[in-house]
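Understanding the architecture of this molecule
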Number of protein chains: 2
Amino acid sequence: MASEHAQNDPSETYDEFETRVERISNVSNAAGILRWDQEVVMPAEGTPARAQQLSTLSSISHELLTADETGRLLEELESADLSADRSAVVREVRRQYDRETSVPGELVEQISTATTNAHPKWKRAKEEDDFEAFAPVLEELVELKREYAECIDPDADPYEVLFSEYEPYIDLETAERVLERLRDELVPLIDAIDDSDSELTTDAFAGAFDDDDQEALARDVLDALGYDWSRGRLDTAPHPFSSGTQFDARVTTRFESEDLLGSITSTIHEFGHANYTLGLPDEGYGTPLGEARDLSVHESQSRLWENHVGRSRPFWERFLPIARERFSELEDVTPEAAYESANQVYDDNLVRVEADELTYHLHIVIRFEIERDLVSGDLAVEDVPEAWNDKYEEYLGIRPETDSEGCLQDIHWSHGSFGYFPTYSLGSVLAAQLYAAAAADRGEFDGRIREGEFADLNGWLRENVHRHGKRYTTPELIERATGEALTADYFLEYVRTKYGELYDLEAY
Amino acid sequence: MASEHAQNDPSETYDEFETRVERISNVSNAAGILRWDQEVVMPAEGTPARAQQLSTLSSISHELLTADETGRLLEELESADLSADRSAVVREVRRQYDRETSVPGELVEQISTATTNAHPKWKRAKEEDDFEAFAPVLEELVELKREYAECIDPDADPYEVLFSEYEPYIDLETAERVLERLRDELVPLIDAIDDSDSELTTDAFAGAFDDDDQEALARDVLDALGYDWSRGRLDTAPHPFSSGTQFDARVTTRFESEDLLGSITSTIHEFGHANYTLGLPDEGYGTPLGEARDLSVHESQSRLWENHVGRSRPFWERFLPIARERFSELEDVTPEAAYESANQVYDDNLVRVEADELTYHLHIVIRFEIERDLVSGDLAVEDVPEAWNDKYEEYLGIRPETDSEGCLQDIHWSHGSFGYFPTYSLGSVLAAQLYAAAAADRGEFDGRIREGEFADLNGWLRENVHRHGKRYTTPELIERATGEALTADYFLEYVRTKYGELYDLEAY
């Protein structure tokens, strides 16, 4: 058989390979629709059947990917003379193939069972402020994920292996360097803000706002940013997300009557994700060429729109009049007041998901340092609460009084996700770098944002990021788009300028 | 290998088999969600990706079902000593396995391509009243389906084989006998109605009604009938349907401002389908024991609720006051007027989907006679329009002036569906038979319907039909539920009494 195949026309072999890859992709995309349905429209009692459907689709994807046939085709194609695009597809599938074939099915199942059990236990522990009830579960998850990492690469630092699950092409050292720099430079900046006498307007969006009007406004926002409704839709979900493909990339958001600003920024954030997906090339559908690069790049898109656009002064100059048409309550609010309220830095917030653009990264740094030490074994599970609280005191000058608002606040570890948090900060850093490069190429965007013109900015992102799918590795993509390697320079420059001006800081 | 397996514990073999069957079922149910999504919420441009996802899932189901392994397990289980339930599962899977393995993949693909092409051509031909443009496509589909039938059973009448695709356990002879009887007895009844001097109220629902209020009313209807919202939902779709599983069975409907009655009856019809699905046993999910019997039984459930309940006098006595709360326009309408308007027999309607309970079956008989002769070769495609028009003249006393309102009106043949139409009439006939048996067991339902109590009726259906899934063949199920074989007696008795009284017919 092998010799027969070896004589094959490489382009026929590639076609066979591509068909296989497309199949896997179609099964995964079908699962994506099932998950959207589950979060957005599924009736409450649909779970038992849905869980089985998703588990079946996931094991079919896994079997298709890890089949001997996939390995044979990969080997054959790796020694053939392929175009750059085809080589990229082979590279991406090889990576996934190697990871998935190296972990025994039994361990995958154990992890799946453990995380399924962990979720309700974490939820209850959080509700009851009972870390001890969650500790044994966390212990088990850390051990299982360590074992998992060892299967993939027994010689590597297990945390590095886990991090590369979410961010395969940025090495951990780079991530560490970026996070340390954020910590070292943001701590004094936040201190300076805390010490500042500036009085920002913080209540521009105070009040209670009707859900239906909030939804109409969210649609206005998406209209204004140029969301393609023929390939998308807006719905509500308890935890907003976006998902889909270049043909159908949907946004969800949520409305709380007392948090109008939150629903706007969250809608813009999810627009950024969906807009990236919509920029992937149609003809790449079904292979990595039509799929988004990994978590950091995805997050760079959501943060670029949420922060660099949606929290900018010209955006509020443009958008406040539109918001006023929906809400007469905003009649007396000025764009400047809206801008200030959207950029307030909190000195007493313990919750990551409610953090501002600056303190956010210290929340991440804390989680990163703790999970890295947990996985290496340098930190025992029982010592997590104290380590957490000490770090909050050290970096943010605040100390959680309960674990519910401390180390039990995030869902991630109960999912067995260790190494995920850093990608949030890397995304912010990359957003600033891309935004600066776009401005260098196409001119400063402030004037166009004030006019509601987003086509140039989006055109640059389409051209330099979206259309490439997974053609390039992440460092290559960043280098080609911005002319340099990933760096925190632009992010730090951006926040120093923005917050220096907002809080009238002398040293910035 | 075979001898090793032969020594297996049959219950282990059964478990292996069941896992396989559940997998196939989960893939099919996932595809069902994707189709619901496509009809109800998918953005317009989502089609290219969705088509690929569905095609992948369908070929995965097919491969899992027709794998050698399935055949081996079936053989082994057929010679083992199994419980009645397990034997039923084996029987159902065997039937599907034999059919799908006997048709070459190439022919399946040809049919799939031909129907994909046929649909837009049928649509244009209908719009442009151009049968000649559709004729070659129809010709091709008839030939392909004849070939398809021959693969499955070369010795059988091909139409019979096609019919059994939709109705595997009712033989064609029974269907023919029922349809002939409907034709022979309904033609004179309809003639008598046409000749009657009775003046029914026909305009109780005349007027234009707001969409949102219609939706609220549709929810009232579903509430009143006891729809389980924790396992279902209501949405709109251009062609109403229901789909799902016992954990999640959804209803769609549509609202036209000038057709309030149509939206109510269509909602009740789809409720009947969804309510059947919801009555399937939870523990049978994933195997035929948790799946609905075939098209006629499914249709019996929708028609029972739509006609025997929703078009009954006590229903309107109960429901009109509820409807009046939504629509002040109905203030002066009496329950009797509503009842009469919901049961008007049209003497000039050419369109099946707009037909009343009586003429409906002549629309079906005409299609049945034509498609049977088409498949046998007794009728040439080019002669369809004339045959169609002649039969309308003969049975209904009206003659279509165009093919658009004649033989081009239905989508079914463009899907390659020949043998589907009879199941509609069989469903009505079975509905009457089940309703009579339920009344014999639990007493006449009129009083309870007037009080809005549907639990007894539904309880009987759950007990005698729903909970069995595919445990029994259709004739067994009917015999057990009603004590006799499928018969048109109850339907004819029902319509004679109902319409004899409505139209004051002496002979009835």
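Residues numbered from 1 in each chain as written. Chains lettered and ligands numbered in written order. Predicted model: local features only at pLDDT ≥ 70, side-chain atom pairs only at ≥ 80, totals over all residues. Heavy atoms only, no water.

1. Considerations on the overall build of chain A
What counts here: Labels follow the DSSP assignment, with helices taken as runs of H or I lasting at least four residues and strands as runs of E lasting at least two, numbered in each case from the N terminus. For a compact globule the rule gives 2.2 Å times the number of residues to the power 0.38, and the radius of gyration it is set against comes from C-alpha atoms. Exposure is judged per residue with a 1.4 Å probe applied to protein chains only, and the accessible area is read against the type maximum: over 50% gives exposed, under 20% gives buried, and values in between give partly exposed. Note on contacts: a residue pair is in contact if any heavy atoms of the two residues lie within 4.5 Å. Within this scheme the basic residues Lys and Arg register as positive and the acidic residues Asp and Glu register as negative, but His and the chain ends are omitted. To locate a charge, take atom NZ for lysine, CZ for arginine, CG for aspartate or CD for glutamate.
Looking only at helices and strands, chain A features 21 helices and three strands. The C-alpha atoms of chain A give a radius of gyration of 23 Å, which matches the 23 Å a tight globule of 508 residues would have. Projected onto the principal axes, the alpha-carbon positions of chain A cover approximately 75 × 50 × 50 Å. Counting the 508 residues in chain A, one finds 56% classified as buried. Taking all contacts inside chain A whose residues are at least 6 apart in sequence as the whole, residues at least 24 apart take part in 73%. For chain A, the centre of its 46 positive side-chain charges and the centre of its 112 negative side-chain charges are spaced 5 Å apart.

2. Comments concerning the packing of aromatic side chains
All names here are of chain A. Here is the rule: Working definition: a ring pair exists when centres of Phe, Tyr or Trp rings (six-membered ring for Trp) sit within 6.5 Å. Plane angles under 30 degrees give stacked, over 60 give edge-to-face, the rest tilted. Charge-over-ring placement is defined geometrically: NZ (Lys) or CZ (Arg) within 6 Å of the ring centre, and within 35 degrees of the ring normal.
Under the counting rule described, the total for this entry stands at 44 aromatic pairs over all chains. An angle of 90 degrees between the planes, with centres 5.4 Å apart, marks the rings of F315 and W316 as edge-to-face. What makes F315 buried here is its relative accessible area of 2%. Among the aromatic residues, those joined into a ring-pair cluster are Y166, Y360, W388, Y392, W413, F418, Y420, F421 and Y424. For R303, the ring lying beneath its charged end belongs to Y360, and the centroid distance is 4.4 Å.

3. Looking at the pairing of strand β3 (residues 248–253) of chain B
Residues and elements named next belong to chain B. Rules: For two strands to be treated as a pair, DSSP must find no fewer than two bridges joining them.
Burial analysis of β3 places six of its six residues in the buried class, which makes it a mostly covered element. Because side chains alternate across β3, one face comprises the buried residues D248, R250 and T252, and the other comprises A249, V251 and T253, equally buried. Two strands pair when backbone bridges link them, and strand β1 (residues 234–236) and β3 are joined in this way by three bridges, in the parallel orientation. In the strand pairing of β3, D235 is matched with T252. With four bridges joining them, strand β2 (residues 242–245) and β3 adopt antiparallel strand pairing. Within β3, the residue paired with S243 across the bridge is R250.

4. Side note on the packing of helix α12 (residues 295–309) of chain A against helix α19 (residues 455–464) of chain A
Residue and element names in this part refer to chain A. Test applied: Note on geometry: axes are lines fitted to C-alpha atoms, helical ones only across the stretch in contact, with angles between N-to-C directions running from 0 to 180 degrees. In what follows, roughly perpendicular refers to angles from 65 to 115 degrees, roughly parallel to angles under 35, roughly antiparallel to angles over 145, and oblique to any angle outside these ranges. Crossing handedness is defined as follows: a turn of the near helix away from the far one that is anticlockwise and smaller than a right angle gives a left-handed crossing, while the clockwise case is right-handed. Residues are sorted three ways: Asp, Glu, Lys and Arg are charged, Ala, Val, Leu, Ile, Met, Phe, Trp, Tyr, Cys and Pro are nonpolar, and all the rest, Gly among them, are polar.
Where α12 meets α19, the closest approach of the two axes is 13 Å, and the angle between their N-to-C directions is 160 degrees. The angle between α12 and α19 falls in the class roughly antiparallel. In this structure, α12 crosses over α19, and the sense of that crossing is right-handed. Contacts from Q301, L304, W305 and V309 of α12 reach α19 at L457, N458 and L461. Looking at side-chain class alone, the contact of α12 with α19 contains five nonpolar, two polar and no charged residues.

5. Some details on the relation of the copies chain A and chain B
As a reminder, the rule being used: Least squares is used to superpose the copies, and the fit set is the C-alpha atoms of residues whose pLDDT is at least 70 in both copies.
Here chain A sits on chain B after a turn of 180 degrees about the axis and a move of 0.0 Å along it, with an RMSD of 0.0 Å. The superposition of one copy onto the other is thereby described by a two-fold rotation axis. By residue overlap, the copies meet face to face through one surface: 100% of the interface positions of chain A are interface positions in chain B.

6. Quick notes on the domain arrangement of chain A
Interface size, as often reported, equals the accessible area lost upon joining of the parts. Residue and element names in this part refer to chain A. Applied cut-off: The source of the domain bounds is an automatic or database domain assignment. What counts as a salt bridge is simple: a side-chain nitrogen of Lys or Arg found within 4 Å of a carboxyl oxygen of Asp or Glu. Distance and chemistry together define a polar contact, namely a pair of N or O atoms within 3.5 Å, with one atom able to donate a hydrogen and the other to accept it when in protein, and with adjacent residues in sequence counting only for side-chain atoms on both sides.
Partitioning chain A into domains gives domain 1 (2–102) and domain 2 (211–341 + 441–470). Between domain 1 and domain 2, the C-alpha centre-to-centre distance is 31 Å. Our count for the contact surface shared by domain 1 and domain 2 stands at one salt bridge. The tally of links from domain 1 across to domain 2 stands at four residue pairs in polar contact (both at pLDDT 80 or more). When contributions to the side of domain 1 that touches domain 2 are tallied by element, the ones reaching two or more residues are α2 (10–40) and α5 (84–102). Among the elements that line the side of domain 1 that touches domain 2, the one with the most residues is α2, at ten residues. When the residues that make up the side of domain 1 that touches domain 2 are grouped by side-chain class, the tally is seven nonpolar, three polar and six charged.

7. Overview of the interface of chain A and chain B
Each side of the interface is counted separately: chain A has 36 residues, and chain B has 36 residues. Inspection of the chain A/chain B interface yields six salt bridges. The salt bridge partner of B:E63 is A:R23, with a shortest N-O separation of 2.9 Å. The interface formed by chain A and chain B includes 16 residue pairs in polar contact (both at pLDDT 80 or more). The set of elements that each furnish at least two residues to the side of chain A that touches chain B consists of α2, α3 (47–66) and β3 (248–253) of chain A. Of the residues in the side of chain A that touches chain B, the class split is 17 nonpolar, ten polar and nine charged.

8. A closer look at the UniProt feature "binding site: Zn(2+)" (unreviewed entry) in chain A
Residue and element names in this part refer to chain A. Stated formally: UniProt positions are given in the numbering used here, feature names are shortened, and annotations may be inferred rather than shown by experiment.
The UniProt entry lists H269, H273 and E299 under the feature "binding site: Zn(2+)" (unreviewed entry), expressed in the numbering used here. The annotated residues occupy 31 residues of the chain but converge on a single region, no pair of C-alpha atoms lying more than 8.8 Å apart. Along the polypeptide, H269 turns up in helix α11 (residues 260–279). With residues near it in sequence (within four places) discarded, H269 still touches E299, S302, R303 and E306.

9. Remarks on the pattern of salt bridges
Scanning the model with the defined rule gives 82 salt bridges over all chains in all. Among the salt bridges present, the one from A:E92 reaches A:R91, with a minimum N-O distance of 3.0 Å. Residue class for A:E92 comes out buried when judged on its relative accessible area of 8%. Between B:R254 and B:E256 there is a salt bridge, with its nearest N and O atoms 3.2 Å apart. Classification of B:R254 by relative accessible area gives partly exposed; the value is 42%. Note on B:E256: relative accessible area 39%, which makes it partly exposed.

10. Some words on the sheet that holds β2(B)
Residues and elements named next belong to chain B. Taken in spatial order, the three strands line up as β1-β3-β2 in an open sheet, and their pairing is mixed. At either margin of the open sheet sits one strand with a lone partner, and together these are β1 and β2. Between one strand axis and the next, the sheet turns through 25 degrees on average, direction left out of account. In this fold helix α2 (residues 10–40) packs onto β1, β2 and β3, with an angle of close to 25 degrees to the strand it touches most, β3. On top of the sheet, helix α11 (residues 260–279) reaches β2 and β3; it is set at about 170 degrees to β3, its chief contact.

11. Let's talk about the sheet that holds β3(A)
Residue and element names in this part refer to chain A. The strand order across the open sheet built from three strands is β1-β3-β2, with neighbouring strands paired in mixed fashion. Two strands in the sheet have a free side with no partner beyond their single neighbour: β1 (234–236) and β2 (242–245). Strand-to-strand twist of the sheet, defined as the mean angle between neighbouring strand axes without regard to direction, takes the value 25 degrees.

12. Digging into helix α21 (residues 489–502) of chain A
Residues and elements named next belong to chain A. Applicable threshold: To estimate how far a helix should reach, multiply one less than its number of residues by 1.5 Å.
The first and last C-alpha atoms of α21 sit 20 Å apart over 14 residues, in line with the 20 Å expected at 1.5 Å per residue. Turning to α21, its buried residues are F491, L492, Y494, V495, K498, Y499, G500 and L502. Lining the buried residues of α21 we find α9 (172–195), α12, α14 (335–341), α15 (359–376) and α17 (422–442). With its phi angle positive at about 55 degrees, D504 sits one or two positions after the end of α21.

13. What about the environment of B:I60?
Topologically, B:I60 is positioned in helix α3 (residues 47–66). For B:I60, a relative accessible area of 7% corresponds to the buried category. Here the alpha-carbon distance between B:I60 and B:V27, two residues 33 residues apart in the chain, equals 7.8 Å. Contact partners of B:I60, with chain neighbours within four places excluded, come to A:R23, A:V27, A:I60, A:L64 and B:V27.

14. Digging into the UniProt feature "active site" (unreviewed entry) in chain A
All names here are of chain A. Residues annotated in UniProt with the feature "active site" (unreviewed entry) correspond here to E270. With respect to the element layout, E270 can be found in helix α11. Since its relative accessible area comes to 8%, E270 is described here as buried. E270 has contacts with P240, F241, S242, V251 and T252, leaving out every residue within four places of it along the chain.

15. Brief notes about unusual backbone geometry
Residues and elements named next belong to chain A. In this structure, D504 takes a positive phi of about 55 degrees despite not being glycine. Considering the arrangement of structural elements, one finds D504 in the segment after α21. The exposure class of D504 is exposed, given its relative accessible area of 61%.

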